[in-house]
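Chains, contacts and geometry: an overview
So the chains spell out like this:
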Amino acid sequence: MKDKRLLRINFFILAITVALSLTALLLDIEQIGFAGVAIGGLLAFFYFLTLSILISKAFGGTGDEGIDPKVAGRLGLKLLLLTFGLAILTILVILTRLCQPFGFLIGFSALFGGIAFETMAYLAFSKPKNDETPSDS
């Protein structure tokens, strides 16, 4: 994975997961729980990391012609299996009462927080591009 933005999003997801987990540990609310927040955040991290690697590999060597239809089919199947795997894992974690559902949702929200932080950092610190060409007036 060569895209630094995707790596930063993964870092932000882990940082937010740690912060949320420590907050849940300090607050010690039974309906949330440390385990739920940690499991939700780690699951979000692994999901986004796997998704980033799949997409980077699929579109890394493509040019103007796009990707081969056979490769696109395999990529679609992998993404489908990844999504179903995440859904099944989430259902198993909740049904086995390994963690509280609210805690899991709070931990999984680290995915959206990581994307939001990277977006804000990109908008705040990226250099503006001048698309205007100088005119001869």
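Refer to the preceding data block for the structure.
So, here is what we can say about the structure in this document. What you see is a predicted model; the values in this text were computed from it and never measured.

The next thing to look at is the overall build of the protein. Check the secondary structure of the protein and you find 5 helices and 0 strands. In sequence order, the protein lays out its α and β elements as α-α-α-α-α. Roughly 9,900 Å² of accessible area belongs to the protein as shown, and the carbon and sulfur atoms make up 68% of that amount.

Turning to the packing of helix α1 (residues 4-27) against helix α2 (residues 34-59), a few remarks are in order. Closest axis-to-axis distance for the α1/α2 pair is 8 Å, and the angle between their directions is 175 degrees. For the element pair α1 / α2, the angle class is roughly antiparallel. Where α1 approaches α2, its residues Leu6, Ile9, Asn10, Ile13, Leu14, Thr17, Leu20, Ser21, Ala24 and Leu25 are matched on the opposing element by Phe34, Val37, Ala38, Gly41, Leu42, Ala44, Phe45, Phe48, Leu49, Ser52 and Ser56. Here the contact of α1 with α2 is composed, by residue class, of 15 nonpolar, 6 polar and no charged.

A few words now on the nonpolar core. By size, the foremost hydrophobic cluster in this structure holds 20 residues, and its most contacted members are Ile13, Phe48, Leu86, Phe104, Phe108 and Leu111. Looking at this core, the elements that each hand over two or more residues are α1, α2, α3 (69-95), α4 (101-108) and α5 (110-125). At 7 residues, the largest contribution of residues to this core is made by α2. In contact with Leu86, not counting residues within four places along its chain, are Leu43, Tyr47 and Phe108.

On to a nonpolar patch on the surface. Judged by side-chain polarity, Leu77, Leu80, Leu81, Phe84, Ile88 and Leu92 come together as a nonpolar surface patch covering roughly 600 Å² of accessible area. Checked against the element boundaries, Leu92 lands in helix α3. In this structure Leu92 comes out as partly exposed when scored by relative accessible area, which is 46%.

Below, the discussion takes up α4. Every α-helix winds through 3.6 residues per turn, so residues three or four apart in the chain are directed the same way. Regarding α4, the residues found buried are Gly103, Phe104, Gly107 and Phe108. Each buried residue of α4 lies within a common arc of 130 degrees when the element is viewed along its axis, so the set occupies one face. Turned more than 90 degrees off the buried face of α4, the exposed positions are Phe102 and Leu105. Contacts made by the buried residues of α4 are with α1, α2, α3 and α5.

What counts and what doesn't
Counting starts from 1 at the beginning of each chain's written sequence and moves along it residue by residue. Side-chain atom pairs in this predicted model are given and counted only at pLDDT of 80 or more, local residue features only at pLDDT of at least 70, and totals for whole chains, interfaces and linings cover all residues. Side-chain numbers come from the whole structure's heavy atoms, not from hydrogens or water. Only runs of H or I of at least four residues qualify as helices and only runs of E of at least two qualify as strands under DSSP, and these elements are numbered from the N terminus. Surface accessibility in these figures is a Shrake-Rupley result with a 1.4 Å probe; residues are shielded only by whichever protein chains are displayed. All axes are obtained by fitting lines to C-alpha atoms, using only the stretch in contact for helices, and the reported angles, taken between N-to-C directions, cover 0 to 180 degrees. These descriptions rest on fixed angle ranges, namely under 35 degrees for roughly parallel, over 145 for roughly antiparallel, 65 to 115 for roughly perpendicular, and the rest for oblique. In this analysis, two residues are considered to be in contact whenever any of their non-hydrogen atoms come within 4.5 Å of each other. For this classification, Asp, Glu, Lys and Arg are treated as charged, while Ala, Val, Leu, Ile, Met, Phe, Trp, Tyr, Cys and Pro are nonpolar and the rest, including Gly, are polar. By nonpolar core we mean a set of buried residues, namely Ala, Val, Leu, Ile, Met, Phe, Trp, Tyr and Cys, connected to one another through side-chain atoms within 4.5 Å. Each residue is placed in one exposure class: buried if its accessible area under a 1.4 Å probe, protein chains only, is under 20% of its type's maximum, exposed if it is over 50%, and partly exposed if it falls in between. Only residues whose relative accessible area exceeds 30% and that form no salt bridge enter a patch; like-charged residues are grouped when within 9 Å of one another, and nonpolar side chains (Val, Leu, Ile, Met, Phe, Trp, Tyr) when within 5 Å. Put simply, a salt bridge is a Lys or Arg side-chain nitrogen that is within 4 Å of an Asp or Glu carboxyl oxygen. Here, the arc refers to the directions that run from the helix axis to the C-beta atoms.

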